[in-house]
Amino acid sequence: MATKVEIYEGAVDKGLEGVVACTTGISSIVDATLCFRGYTIEDLAANSTFEEVIYLLWYDKRPTTEELKDFKKELGKEMFIDPELVKQLQAMPTKDVHPMAWLRTAVSMLALWDKEAQGIDKAAQKKIGMRLTAKLGLLVALFERTRKGLSFVPANSEKTIAWNFINMLFGKEPDAEIVRMFDVCLILHADHELNCSAFSARVTASSLSDMYSAVTSAIGTLKGPLHGGANEQVMLMLKSIGTMENAVQWIKDALDNKVKVMGFGHRVYKNGDPRAKILRKMSEQITKKINEPKWYQMSALIDDTVQKEKGLLPNVDFYSATVYHSMNIPIDLFTPIFAVSRVSGWLAHIFEQYANNRIYRPRGQWIGKEGLRF
Ligand code: COA
């Protein structure tokens, strides 16, 4: 006689909607206001740099000038990849490989070149956090250059993450205005309360596994089109719509056919995503700068149509697509760039998880067969 299966009778919150899974002091979403450590995203986008935001997320305070200088110096020291690892990464397949799949593997490999990779105490947390944050952009640039048959451009440790990324990707000194815009994109994407990938990082960390494992989990989670992968899908959609004339009908058909329009809707924001508002302005500005305003105009028309037809507002992924496209960044690198920024938030969540840990172990309500004999 098979033992009776324990049946958990709790209410099921599909997708954990509205479930509060932990306490957090990193970022908050109240109505349509997003704050990192108490500062609004609008304030940070206008007045800070990505490096200051990383510091803020990790240390729960704004850095002083001296602290920021030291922090950037420490980050700069980690802006390298062991030459042997570079060789191994250059030997990995890139053709017909999604860059996020490559990045997930590359981050996992980074751990094999870090003798301290298993450390999770406070000193190790900041050291490894610095390594992961400094190296992620290098990895994405290495991927791009490798698949184009180009050599790896070493980072300049005196420069910022944003400057280095653009410089390494294109192999030439970047335009200062583009670097600032890219830096703002990194700020906007740095953290977002208990989003799917941050939760995934926290779940892995909650088993007291190491930080490379937690970040690898998060990259796999961010990759999905319902999360970070949406920004690529937005640009593919805009390209497939092609012209302003096609846009309204295309969207109506998609909605009639219950096809999700990428870059719209949000689990938490029902009155609009504040990041989308900032990105909308950037999209208008940059598409004008490169003389291709049609991408912004088409996006704005789609934005109006989706609002009118379905009452949905754009999220962070909608206008970031045209911003990155205008920077000449290949579409399939949009999600890896999200990771270059979000790694800072994942790490803040991992530190917070380690500091007040209890393993995540929810229940599943049993709906399967019972009492069978094999
Ligand atoms: N396009 C069309 N309809 C959408 C939609 C979209 N982008 N987002 C949500 N909806 C609709 C759903 O079809 C559903 O409609 P219904 O009640 O008529 O069935 C309703 O809105 C609720 O959507 P649901 O998928 O249950 O919301 P969620 O909270 O589970 O999911 C997202 C949130 C973000 C995953 C969802 O809005 C989505 O898939 N958006 C597109 C992907 C995207 O941009 N992701 C990036 C998020 S930052």
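Below is a summary of the structure that appears in this document. All of these numbers come straight from a predicted model, not from anything done at the bench. (Residues numbered from 1 in each chain as written. Predicted model: local features only at pLDDT ≥ 70, side-chain atom pairs only at ≥ 80, totals over all residues. Heavy atoms only, no water.)

## Here's the deal with the overall build of the chain
Phase 1: When its secondary structure is counted, the chain shows 16 helices and 3 strands.
Phase 2: Computed over C-alpha atoms, the radius of gyration of the chain comes to 21 Å, within 12% of the 21 Å expected from 2.2 N^0.38 for 374 residues, which places it in the range of a compact globule.
Phase 3: Along the first, second and third principal axes, the C-alpha atoms of the chain reach 75 × 55 × 45 Å.
Phase 4: Expressed as a percentage of its 374 residues, the buried residues of the chain come to 51%.
Phase 5: Relative to all contacts within the chain whose residues are 6 or more apart in sequence, the contacts with residues 24 or more apart total 76%.
Phase 6: When the accessible surface of the chain is totalled, it reaches about 18200 Å², and 53% of it is carbon and sulfur. (Helix = DSSP H or I, 4+ residues; strand = E, 2+ residues; numbered from the N terminus. Rg over C-alpha atoms; globule rule 2.2 N^0.38 Å. Buried < 20%, exposed > 50% of the residue type's maximum accessible area, 1.4 Å probe, protein only. Contact = heavy atoms within 4.5 Å. Areas by Shrake-Rupley, 256 points an atom, 1.4 Å probe, with all protein chains shown as cover.)

## Concerning helix 5 (residues 99–112)
In an α-helix, one turn spans 3.6 residues, which is why side chains three or four residues apart end up on the same side.
Phase 1: Between its first and last C-alpha, helix 5 extends 20 Å over 14 residues, near the 20 Å set by a 1.5 Å rise per residue.
Phase 2: Along helix 5, 10 of the 14 residues are buried, which leaves the element largely enclosed by surrounding structure.
Phase 3: Three or more residues of helix 5 are buried, namely P99, M100, A101, W102, L103, A106, V107, M109, L110 and A111.
Phase 4: Those residues of helix 5 that are buried lie in contact with helix 4 (83–90), helix 6 (122–147), helix 10 (211–222) and helix 16 (334–355). (Expected span 1.5 Å × (residues − 1).)

## A word on the environment of S299
Phase 1: Relative to the helices and strands, S299 resides in helix 14 (residues 294–310).
Phase 2: By relative accessible area, which is 0% here, S299 ends up buried.
Phase 3: For the pair S299 and L103, spaced 196 residues apart in sequence, the C-alpha separation works out to 29 Å.
Phase 4: Here S299 is in contact with L238, F318, Y319 and T322, once residues within four sequence places are set aside.

## Side note on unusual backbone geometry
Phase 1: Of note, the phi angle at D96 is positive, near 55 degrees, even though the residue is not glycine.
Phase 2: Among the structural elements, D96 can be located in the loop between helix 4 and helix 5.
Phase 3: Residue D96 is classed as exposed on the basis of its relative accessible area, which comes to 77%.
Phase 4: Backbone geometry at K258 places phi at a positive 60 degrees, although glycine is not the residue there.

## Brief notes about the sheet that holds strand 2 (residues 33–36)
Phase 1: In space, the 3 strands of this open sheet follow the order 1-2-3, with antiparallel pairing throughout. Either end of the sheet is taken by a strand with one partner, and the two such strands are strand 1 (27–30) and strand 3 (39–40).
Phase 2: Direction of pairing for strand 1 relative to strand 2: antiparallel, over a ladder of 4 bridges. Each bridged residue has a counterpart across the sheet, and for S28 the counterpart in strand 2 is C35. (Pairing = 2+ DSSP bridges.)

## As for the site of the ligand
Phase 1: Lining the immediate surroundings of the ligand are 18 residues, of which K260, V261, G263, F264 and R267 lie closest.
Phase 2: Residue V261 places a main-chain N or O atom 2.7 Å away from a nitrogen atom belonging to the ligand.
Phase 3: A distance of 2.7 Å separates an oxygen atom of the ligand from a polar atom in the side chain of R267.
Phase 4: In the complex, the protein chains occlude 67% of the 850 Å² of accessible area that the ligand would expose alone.
Phase 5: Residue composition of the shell around the ligand, grouped by class: 8 nonpolar, 5 polar and 5 charged. (Near = heavy atom within 4 Å. Polar contact = N/O pair within 3.5 Å; in protein donor to acceptor, adjacent residues only side chain to side chain. Nonpolar A, V, L, I, M, F, W, Y, C, P; charged D, E, K, R; others polar.)

## Describing helix 16
Phase 1: When the terminal C-alpha atoms of helix 16 are compared, their 32 Å separation across 22 residues agrees well with the 32 Å that a helix rising 1.5 Å per residue should span.
Phase 2: The largest bend along helix 16 reaches roughly 45 degrees and is located at R342.
Phase 3: Most of helix 16 is tucked away: 21 of the 22 residues are buried. (Bend = angle between axes of the 7 residues up to and from the residue.)

## Observations regarding the pairing of strand 2
Phase 1: As consecutive antiparallel partners, strand 1 and strand 2 are separated by 2 residues, and within that stretch D31 has a phi angle of approximately 55 degrees, a positive value.
Phase 2: Alignment of strand 2 against strand 3, held across 2 bridges, turns out to be antiparallel. Bridge pairing in strand 3 places C35 opposite T40.
Phase 3: Hairpin connection from strand 2 to strand 3: 2 residues lie between these consecutive antiparallel strands, with R37 at a positive phi of about 50 degrees.

## Observations concerning the pattern of salt bridges
Phase 1: As enumerated under the stated definition, the model contains 20 salt bridges in all.
Phase 2: Residue D273 pairs with R275 through a salt bridge whose shortest N-O separation is 2.7 Å.
Phase 3: The class of D273 is buried, set by a relative accessible area of 2%.
Phase 4: Of the residues examined, R275 reaches a relative accessible area of 1% and is grouped as buried.
Phase 5: Each member of the salt-bridge network shares a partner with another, and the members are E78, D114, E116, K127, R131 and K135. (Salt bridge = Lys/Arg side-chain N within 4 Å of Asp/Glu carboxyl O.)

## Some details on the environment of L301
Phase 1: Tracing the chain through its elements places L301 in helix 14.
Phase 2: The exposure class assigned to L301 is partly exposed, which follows from its relative accessible area of 25%.
Phase 3: If sequence neighbours within four positions are ignored, L301 has contacts with M244, A247 and V248.

## Some points on the state of the cysteines
Phase 1: Per the stated rule, a full pass over the model turns up 0 disulfides.
Phase 2: Of all cysteine sulfurs in the structure, the one in C22 sits closest to C35, which takes part in no disulfide; the separation is 17 Å.
Phase 3: Cysteine C185 shares no disulfide, and the gap to the nearest cysteine sulfur, in C35, comes to 20 Å.
Phase 4: C185 gets classed as buried once you look at its relative accessible area, which sits at 1%. (Disulfide = S-S within 2.5 Å.)

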